[in-house]
Amino acid sequence: IFIPQIDQNVIGYASITIHQKTAQITSIFIHPNFQGRLFGFKLMLDVLDKLSKTACQKISLNCSEEMLNFFLALGFCITKEQNILLQMDISFHLE
């Protein structure tokens, strides 16, 4: 679990599960008062950085259509359009 804070106040979280060599981002949330100010982007960069230092080779997540461009901008690719499943080959993306 990743928990970003500002002045010791929690502004969001990201939770990840890892199975074998694939990480699954199970949830990501930024409080509405802090959305649109790059906190979610910075949180995801932190998640990706930490995962790049593990044995994980892929990262997957499901997202809503409204969040699709956010994850595509981070380098994720659509692998299944129904329910929008995205994946990233972490070894390629973060070298």
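Attention here is on the structure that accompanies the text. Throughout, a residue's number is its position along its own chain's written sequence, starting from 1. Note on the predicted model: pLDDT of at least 70 is required for a residue's local features to be given, and 80 or more for side-chain atom pairs to be given and counted; whole-chain, interface and lining totals, by contrast, use all residues. By convention in this description, side-chain values take in all heavy atoms of the structure and omit both hydrogens and water.

**Quick look at the nonpolar core**
To qualify as a nonpolar core, a set must consist of buried Ala, Val, Leu, Ile, Met, Phe, Trp, Tyr and Cys residues joined through side-chain atoms within 4.5 Å. Think of it in three bands: with a 1.4 Å probe and only protein chains considered, a residue is buried below 20% of the maximum accessible area for its type, exposed above 50%, and partly exposed in between. One finds I16, I25, V47, L51, I59, F71 and F76 to be the most contacted residues of the largest nonpolar core, which totals 20 residues. Among the elements of the structure, β3 (12-19), β4 (22-30), α1 (39-52), β5 (58-62) and α2 (68-73) are those that each provide at least two residues to this core. Only runs of H or I of at least four residues qualify as helices and only runs of E of at least two qualify as strands under DSSP, and these elements are numbered from the N terminus. Ranked by the residues each element gives to this core, the list is headed by α1, at 5 residues. Two residues qualify as a contact provided that any one of their heavy atoms is within 4.5 Å of a heavy atom in the partner residue. Apart from residues lying up to four places away in sequence, I16 is in contact with F2, A23, Q24, I25, T26, V47 and L51.

**Brief notes about the side chain of S15**
Turning to its location among the elements, S15 is positioned in strand β3. In this structure S15 comes out as buried when scored by relative accessible area, which is 15%. Polar contacts involving the side chain of S15 include one to the side chain of T26, which spans 2.6 Å. Within the structure, the side chain of S15 is placed 2.7 Å from the side chain of S27, a separation counted as a polar contact. Filtering out sequence-adjacent residues up to four positions away, S15 remains in contact with I1, Q24, I25, T26 and S27. Contacts described as polar in this section are N or O atom pairs within 3.5 Å, which, within protein, must combine one atom able to donate a hydrogen with one able to accept it, while residues neighboring in sequence count only if both atoms come from side chains.

**Notes on the layout of surface pockets**
Computed from the structure, the largest pocket encloses a volume of approximately 250 Å³. Residue lining of the largest pocket: 13 residues in total, with I30, Q35, G40, M67 and F70 positioned closest to the centre. Elements with a contribution of two residues or more to the lining of the largest pocket: β4 and α1. Residues are called lining when one of their atoms sits within 4 Å of a cavity or pocket point, these points coming from a 1 Å grid over the protein atoms alone, where a cavity is a set in which a 1.4 Å probe fits but cannot get out and a pocket is an open set with protein on both sides within 12 Å along at least five of seven lines. Grid points are joined across faces, edges and corners, and a volume is the space filled by probe spheres set on the points.

**Digging into a nonpolar patch on the surface**
Each patch is built from salt-bridge-free residues with over 30% relative accessible area, joining like charges within 9 Å and nonpolar side chains (Val, Leu, Ile, Met, Phe, Trp, Tyr) within 5 Å. Accessible surface area values rest on a Shrake-Rupley calculation with a 1.4 Å probe, where residue burial reflects the displayed protein chains alone. A pair is scored as a salt bridge if a Lys or Arg side-chain nitrogen falls within 4 Å of a carboxyl oxygen belonging to Asp or Glu. Among the surface-exposed residues, I1, I3, V10, Y13 and F29 lie close enough to one another that they form a single nonpolar patch of about 510 Å² accessible area. By secondary structure assignment, the location of V10 is in strand β2 (residues 9-10).

**Let's talk about the packing of aromatic side chains**
For Phe, Tyr and Trp, rings pair up if their centres lie within 6.5 Å, where Trp contributes its six-membered ring, and each pair is then called stacked (planes under 30 degrees apart), edge-to-face (over 60) or tilted (otherwise). One pass over the full model with this rule turns up 4 aromatic pairs. Both rings, one in F70 and one in F71, keep their centres 4.9 Å apart while their planes meet at 80°; by these two values the pair is edge-to-face. Given the relative accessible area of 22%, F70 is considered partly exposed. Three or more aromatic residues link up through ring pairs in this structure, and these residues are F70, F71 and F76.

**Examining the pattern of salt bridges**
Tallied over the entire structure, the rule returns 2 salt bridges. Note that D46 is salt-bridged to K50, the shortest N-O span being 2.8 Å. With D46 and K50 both in helix α1, this residue pair falls 4 residues apart, about one helical turn. Judged by relative accessible area, which is 29%, D46 ranks as partly exposed. Here K50 falls in the partly exposed class, since its relative accessible area comes to 42%. D49 serves as the salt-bridge partner of K53, at 3.1 Å between the closest nitrogen and oxygen. On the accessibility criterion, K53 (62% relative accessible area) is exposed. Its relative accessible area of 33% is what places D49 among the partly exposed residues.

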